[in-house]
Amino acid sequence: MDIDGVNEEENSRRVQVRFVTKLKPPMTVPPLPIAIPSNLTRLGLSTLVNNLIQNGNPDWNTQPFDFLIDGELVRMSLDKFLLAKSISAEKILEIEYIKAVAPRKEEEPSLHDDWVSSVDGSDPRFIVTGCYDSLARVWKAAGECTHILEGHSDVIASVGVINRKGVEGITVATASKDCTLRLWKFDTEDSINDPIRIRAFKILRGHTKSVQCVAAQNTGDMVCSGSWDSMIKLWQTNDSQSDGDLVSIKKRKGNDQADESQLEGEAVSTLVGHTQCVSSVVWPQQETIYSASWDHSIRLWDAETGKNSSDIFCTKVLNCLDVGGESSALIAAGGSDPILRIWDPRKPGTSAPVFQFSSHASWISACKWHDKSWFHLVSSSYDGKVMLWDLRTAWPLAVIESHKDKVLCADWWKGDSVISGGADSKLCISSGISVL
Amino acid sequence: MKIKEEKKKRQSVRNSKSEEVQEEQPSITEQNKLKQKQLPSHSDSDSDSDPDYGSPYVSDSEDFSEDGDFDGSLSDSEAGESESSGDEGVVNSDVDDGLHNDQENQSNSSESHQGVEESDSSEDEVAPRNTVGDVPLVWYKDEEHIGYDLDGKKIKKRTRKDKVESFLESADDAKNWLKVYDEYNDEEVEVTKKELKLITRLLKGKAPHSDFDPYAPYVDWFKWDDAKHPLSNAPEPKRRFIPSKWESKKVVKLVRAIRMGLIKRDKPKEEQQFYHLWGDDSSSTEKANHLSFIPAPKSKLPGHEESYNPSLEYIPTQEEINSYQLMFEEDRPKFIPRRYTSLRSIPAYDNAVKDVFERCLDLYLCPRVRKKRINIDPESLKPKLPSRRDLKPYPVTCYLEYKGHTDAVVSISIEASGQWLASGSLDGTVRIWEVETGRCLRVWEFEEAVKFVAWNPLREIPIVAVSVGQEVFILNTGLGDEEEQKKIKELLHYETPVAPDDSGDKVSVASWHQDDKHEGIRLRHFKTVSSVEWHRKGDYFSTVMPAGESRAVLIHQLSKKHTQRIPFKLRGLPVSSLFHPTKKIFFISTKKNVRAYDLQKQKLIKKLETGLREVSSISVHPGGDNIIVGSREGKLCWFDMDLSSKPYRILKCHPKDITNVAFHRSYPLFASCSDDCTAYVFHGMVYSDLNQNPLIVPLEILRGHTSSNGRGVMDCKFHPRQPWLFTAGADSVIKLYCH
């Protein structure tokens with residue numbers, strides 16, 4: 001089969017391939033085997049597929065594709081890839097193509113007054129950022145700040161959105177270096193030009209050192225927090241005073257109408273086990289809490305009993321942790337070295353990471369799984385880069401270099417954007433990433 | 001053989017003597033001749049061997065000493081004798097005559113003595129008809145002949161008589177009993193009457209001749225009076241007549257040696273046929289046996305350029321030859337290669353004599369000394385160190401930098417939990433940093449350059465002691481939760497005493513003040529404070545004023561706001577002070593020595609002699625028994641307090657001053673930083689087993705700082721919980737090296 005527009009080199013070898021895809025009809029090509037030069041790279045394959053699509057659909061806008069052979073992304077020329085993986089070039093090769101994962105648009109950076117320490121994009125309606133000026137901000141879009149959460153007396157180290165079922169409005173938890181956590185409530189319907197300043201409805205005291213991280217249970221009833229006092233504490237998020245679980249609920253400025261009432265909460269339970277600063281916690285399932293610490297360990301906790309169920313030991317200090325991927329079981333963590341490691345706790349008897357990505361040049365400050373994809377990760381590092389990873393290749397899919405200084409946090413937003421904040425006081429949004 | 005030679009000598013001497021005697025006194029010989037009848041033995045001795053005694057003895061002894069063939073030589077000597085005695089006309093002229101002739105000779109009265117003498121010596125002297133010589137007659141047993149006569153003709157055997165015949169013969173012949181069978185000549189000989197007489201006399205033990213007088217009067221033939229040379233009259237000693245025991249012993253020894261194979265007579269010693277001129281003398285075993293032998297150096301062998309027709313590349317161009325003239329004579333090449341068409345056309349070498357002369361000078365003027373070269377692989381001398389990979393973790397790479405100071409960072413300190421970092425700089429600021437992100441949290445500004453910062457070792461009291469000029473500030477960092485802050489504020493609250501009563505002595509040393517500007521306490525000292533060290537419990541801290549002389553080291557108590565001098569006498573300029581990590585021991589390092597004092601008993605426990613020119617820094621192992629000391633000359637000393645007061649190891653790593661040394665609190669690591677812009681990380685394992693010495697392994701050189709005003713890295717501190725190293729540089733940057 002002869003395809004016009006394909007640069008054929010007479011002297012190069014040819015391989016029989018067939019392009020398949022799981023993409024929707026406008027992007028499909030006839031599943032017929034064609035002979036292509038074996039020295040084609042990803043770019044060549046991409047133009048080829050675009051041409052094929054254009055043949056059937058004349059008003060098709062070209063777009064980059066990525067190619068999978070036997071579940072592995074092609075990152076070199078086709079013949080080299082076949083040689084490296086020792087795949088026979090004799091039979092018809094089945095190449096699956098997917099949309100290339102790379103940011104297509106760089107939004108205008110949202111400026112902060114100080115370093116952006118944390119960011120949460122788990123709610124597609126808005127972004128919450130924590131800042132070194134001890135304020136948390138809520139952004140509707142790039143450069144559109146809707147709310148300012150004020151009340152902390154020190155740097156906000158971590159923010160987390162709480163998805164509470166059956167509660168209208170939005171609840172946000174923030175952890176700060178002033179040893180407290182605060183819970184905030186606001187509505188997204190407010191669309192005023194000036195950002196609204198809000199005070200916390202609940203202050204959670206109990207940590208003796210700065211709180212480093214906060215994570216909410218998926219039902220939204222509880223949050224857990226890790227601190228420099230090497231403890232993990234679990235807190236209730238409800239605001240009703242009638243809740244009997246809370247030991248002491250004080251109404252501080254109840255009489256004052258101008259101020260909203262502020263509740264104080266104490267920890268429901270404390271998970272003790274780490275010996276150093278707990279740098280990151282996640283609570284993906286109802287019953288399990290994952291925590292990463294500076295004592296080089298990742299611990300799994302039973303949320304009900306507070307028992308430490310299993311440990312994974314790394315040799316480095318861990319700064320960030322996320323759980324996701326295949327059946328939401330893979331643990332990705334980064335720390336005081338440029339290597340992003342991924343463990344599979346289901347694998348018995350080994351504590352060696354199953355994947356290691358080492359393209360960064362400095363400490364890794366954040367890593368997040370894509371919440372829909374099994375394969376995609378975003379990581380940020382002190383070298384000022386945000387990288388997108390696919391488990392099916394050892395090279396980063398894309399490198400976002402929008403920051404001038406250390407990147408302190410990164411997250412996915414709306415499933416197709418990467419948000420990151422850094423020491424250059426900017427919140428950068430890279431959108432148009434077609435993961436699925 | 002030697003004996004023989006000696007005898008010969010003796011004989012020759014005697015002969016010459018006798019000759020002399022003969023010359024002087026010819027009459028004696030005549031007399032001698034006259035006396036020959038009486039003394040038959042003397043006739044021989046005159047001409048041949050011994051003047052005094054009978055020859056048979058002498059000849060016997062001579063022959064004995066000769067190897068093996070006794071009989072042959074004897075017969076030779078006899079022949080000689082007979083020849084020499086020819087002048088006297090005593091020769092057996094007719095050999096063929098046999099026994100009869102002899103008998104006739106013997107019957108002659110004048111010459112009978114010879115016959116007697118010869119018959120004495122051996123039976124073979126009977127005039128031989130047979131010439132086969134002294135061979136066993138068995139050889140001829142089966143032959144028809146018994147031998148050969150003088151003409152070479154066979155002598156036939158006579159027919160043998162059988163016993164009956166011989167018996168009859170003996171019975172017939174009355175004289176048969178006188179007959180003797182001569183086996184040699186195969187004939188029967190009849191003994192004459194004279195011979196019979198001789199035999200009977202001999203049987204009686206008398207002299208064979210009746211006319212021989214054994215007791216003849218002694219005639220002194222020698223005329224003693226006119227003799228020129230005195231001659232000994234002493235009788236011949238006995239030992240000349242008995243066989244030598246020593247000789248026989250020697251012979252036995254030799255025989256044994258030959259039998260045992262110790263003496264090998266078969267192989268003659270091989271001698272080197274030629275001299276290996278170009279060989280390496282040093283390797284020749286023969287000469288190397290001599291310890292003192294040092295072979296002369298060989299002269300250089302001629303190379304290609306010395307060839308009469310060298311390749312073109314060896315031949316210098318004219319320019320080069322000209323340039324040789326400009327060179328010093330010593331540098332000038334001695335030989336300029338040239339080409340010749342044939343060997344014949346080569347001229348004589350001008351410098352031949354000179355070269356040989358110089359070579360000779362070299363050979364004997366140049367002292368040759370044997371150099372002892374030790375053939376040891378230098379690698380094998382290195383101590384076996386564990387691999388660096390096994391000693392992980394240790395700081396390797398710099399990932400974080402803390403930037404913000406505008407001048408050299410002089411001192412850093414890390415909070416006990418490892419979350420915060422305090423740094424003091426020459427720009428007069430103290431900054432608090434977040435270790436994790438490199439964020440500068442807080443800045444205090446002072447009028448003077450900051451010398452030293454030190455966190456309180458307690459995690460609950462996040463306060464920093466800062467020395468600025470003559471003052472020490474205790475600063476509240478504002479970290480920690482509210483309760484802690486409350487405590488700290490109480491601690492740092494100081495009310496100036498209303499009545500300045502005790503301002504006499506103590507105030508002059510150090511005075512406490514509340515400092516509102518920096519929200520802390522200010523301690524004013526009377527001299528510049530160089531360092532501040534906290535006690536592990538966070539209440540006491542010590543300050544060092546190098547110029548303070550006897551009051552140079554002070555100990556302050558924060559809770560009571562009280563200052564006291566140390567109760568010890570200080571010797572030398574104090575550099576820094578330290579509290580023991582566990583015991584009540586206080587270390588003060590002066591420029592030369594480190595002293596350990598017991599604070600409870602208030603006495604000196606130990607003095608460590610560093611042997612360094614100027615101590616710059618000191619650090620104590622968390623176990624408390626090991627101390628490292630850095631010096632301005634770049635040396636680092638490790639002291640094992642239990643072992644000795646001398647350094648256990650001296651590490652010379654830095655080419656420039658060591659500015660600080662540090663131990664890690666939990667990992668077996670220590671580090672030193674220097675003005676050469678590097679920091680060294682070592683593995684320093686201290687074993688709880690007292691028999692095992694500490695293991696020190698250099699691990700890593702940390703580079704990255706740049707030099708500024710000749711200063712490099714000013715301070716280094718380990719992270720209290722992680723194997724990380726912070727270094728503060730004169731380039732106003734603080735770096736964090738991670739594993």
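Keep in mind it's a predicted model, so treat the numbers as computed, not measured.

Reading the values: rules and limits
Residues numbered from 1 in each chain as written. Chains lettered and ligands numbered in written order. Predicted model: local features only at pLDDT ≥ 70, side-chain atom pairs only at ≥ 80, totals over all residues. Heavy atoms only, no water. Helix = DSSP H or I, 4+ residues; strand = E, 2+ residues; numbered from the N terminus. Buried < 20%, exposed > 50% of the residue type's maximum accessible area, 1.4 Å probe, protein only. Contact = heavy atoms within 4.5 Å. Areas by Shrake-Rupley, 256 points an atom, 1.4 Å probe, with all protein chains shown as cover. Pairing = 2+ DSSP bridges. Axes fitted to C-alpha atoms, helices over the stretch in contact; angles between N-to-C directions. Patch = residues over 30% accessible without salt bridge, like charges linked within 9 Å, V, L, I, M, F, W, Y side chains within 5 Å. Salt bridge = Lys/Arg side-chain N within 4 Å of Asp/Glu carboxyl O. Buried area = accessible area lost by both parts, 1.4 Å probe. Polar contact = N/O pair within 3.5 Å; in protein donor to acceptor, adjacent residues only side chain to side chain. Lys, Arg positive; Asp, Glu negative; His and termini not counted. Charge placed at Lys NZ, Arg CZ, Asp CG, Glu CD. pLDDT = per-residue confidence, 0-100. Phe/Tyr/Trp six-rings, centres within 6.5 Å; stacked < 30°, edge-to-face > 60°.

Observations regarding the overall build of chain B
When helices and strands are tallied, chain B shows 16 helices and 33 strands. The burial tally for chain B puts 36% of its 739 residues in the buried class. For chain B, contacts bridging at least 24 residues in sequence account for 49% of all contacts bridging at least 6. Accessible surface, chain B as shown: approximately 46,600 Å² in total, 52% of it carbon and sulfur.

A word on the environment of Ser589(B)
Residues and elements named next belong to chain B. Relative to the helices and strands, serine 589 resides in strand β20 (residues 585-590). Sequence separation between serine 589 and serine 617 is 28 residues; the distance between their C-alpha atoms is 8.1 Å. With residues up to four places along the chain from it excluded, the contact list for serine 589 reads Leu573, Pro574, Val575, Ser576, Val594, Val615 and Ile618.

Re unusual backbone geometry
Omega for the bond connecting Lys392(B) with Pro393(B) falls within 30 degrees of zero, at 5 degrees, which places this linkage in the cis form. Relative to the assigned elements, Pro393(B) resides in the loop between α14 (378-381) and β5 (397-403). You will see that Cys179(A), though not glycine, has its phi angle at about 70 degrees, which is positive. With phi around 60 degrees, Ser230(A) is a residue other than glycine that occupies positive phi space. Looking at the element boundaries, Ser230(A) is found in the loop between β18 (222-227) and β19 (231-236). Taking the relative accessible area as the measure of exposure, Ser230(A) reaches 14% and is therefore buried.

Concerning the sheet that holds strand β4 (residues 72-73) of chain A
Residue and element names in this part refer to chain A. An order of β2-β1-β5-β3-β4 is seen for the five strands of this open sheet, with the pairing classed as mixed. Looking at the sheet topology across the chains shown, the edges are occupied by β2 (34-37) and β4. Sheet analysis places strand β1 (residues 14-20) next to strand β5 (residues 93-99), joined by four bridges and oriented parallel. In the strand pairing of β5, valine 20 is matched with glutamate 96. Sitting on the sheet, helix α1 (residues 42-56) is in contact with β1, β2, β3 (65-69) and β5, with an inclination near 105 degrees to β3.

Quick notes on a nonpolar patch on the surface
Together, Leu254(B), Ile258(B), Met260(B), Leu262(B) and Ile263(B) line one region of the surface with nonpolar side chains, adding up to about 500 Å² of accessible area. Mapped onto the fold, Leu262(B) is located in the loop between α10 (245-260) and α11 (285-288).

A short note on the interface of chain A and chain B
With 29 residues of chain A at the contact, the number on the chain B side is 27 residues. When the two sides are added together, the surface that chain A and chain B hide from each other amounts to roughly 2,400 Å², 48% of it contributed by carbon and sulfur. Among the residues chain A hides against chain B, the three largest losses belong to Lys209(A), Trp228(A) and Trp363(A). Together they make up 24% of the total. Here chain A and chain B share three salt bridges between them. We note a salt bridge from Asp114(A) to Arg439(B), for which the minimum N-O separation is 2.4 Å. In this assembly, chain A and chain B are joined by 17 residue pairs in polar contact (both at pLDDT 80 or more).

Some words on the pattern of salt bridges
Per the stated rule, a full pass over the model turns up 26 salt bridges over all chains. The closest approach of N and O atoms between Asp133(A) and Arg137(A), which form a salt bridge, is 2.9 Å. Considered together, Asp133(A) and Arg137(A) belong to a single accessibility category, that of buried residues. A salt bridge links Lys209(A) to Glu415(B), with the shortest nitrogen-to-oxygen separation between them at 3.9 Å. Here the residue Lys209(A) occupies a position in the loop between β16 (202-205) and β17 (211-216), and Glu415(B) occupies one in the loop between β6 (409-414) and β7 (420-425), the pair thus bridging two chains. Taken as a pair, Lys209(A) and Glu415(B) share a single burial class, namely buried. Where salt bridges share partners, they join Asp113(A), Asp133(A) and Arg137(A) into one cluster.

Thoughts on a positive patch on the surface
Residues and elements named next belong to chain B. A contiguous patch of positive charge on the surface is contributed by Lys175, Lys193, Lys194 and Lys197. Looking at the element boundaries, lysine 197 is found in helix α9 (residues 193-204). Using a relative accessible area of 60% as the deciding quantity, one classes lysine 197 as exposed.

Brief notes about the side chain of Ser531(B)
Looking at where Ser531(B) falls in the secondary structure, it is placed in strand β15 (residues 531-534). Ser531(B) has contacts with Phe452(B), Ser542(B), Thr543(B), Val544(B), Val575(B), Ser576(B) and Ser577(B), leaving out every residue within four places of it along the chain.

Describing the confidence of the model for chain B
Residue and element names in this part refer to chain B. Looking at chain B as a whole, the pLDDT averages 75, with 78% of positions reaching at least 70. In this model residues 499-507 is a low-confidence stretch, pLDDT under 50, and it forms five contacts with partners more than four residues away in sequence or in other chains. Our summary of model confidence lists the complex with pTM equal to 0.63 and ipTM equal to 0.81.

Focus on the environment of Lys560(B)
Residue and element names in this part refer to chain B. With respect to the helices, strands and loops of the structure, lysine 560 is situated in the loop between β17 (553-557) and β18 (562-565). On the basis of relative accessible area, lysine 560 is assigned to the exposed category, the value being 60%. Residues lysine 560 and tyrosine 494, 66 residues apart in the sequence, show an inter-C-alpha distance of 9.5 Å.

Side note on the packing of aromatic side chains
A full pass over the atoms with the stated rule returns 23 aromatic pairs over all chains. Note on Trp638(B) and Phe663(B): the rings are 5.4 Å apart at their centroids and 75 degrees apart in plane angle, and the pair reads as edge-to-face. Here Phe663(B) lies in strand β27 (residues 658-663) and Trp638(B) lies in strand β25 (residues 635-640), a separation of 25 residues in the sequence. No difference in accessibility class separates Trp638(B) from Phe663(B), as the two residues are buried. Through a chain of ring-to-ring contacts, the aromatic side chains of Trp228(A), Trp294(A), Trp363(A), Tyr382(A) and Trp724(B) assemble into a single cluster.

Overview of the sheet that holds β19(A)
All names here are of chain A. The sheet built from four strands is open, its strands ordered β17-β18-β19-β21 with antiparallel pairing. If you trace the sheet from one side to the other, it starts and ends with β17 and β21 (269-272), each paired once. Between one strand axis and the next, the sheet turns through 20 degrees on average, direction left out of account. By the bridge criterion, five bridges tie β17 to β18 in an arrangement that is antiparallel. By the bridge assignment for β18, cysteine 213 is matched with glycine 226.

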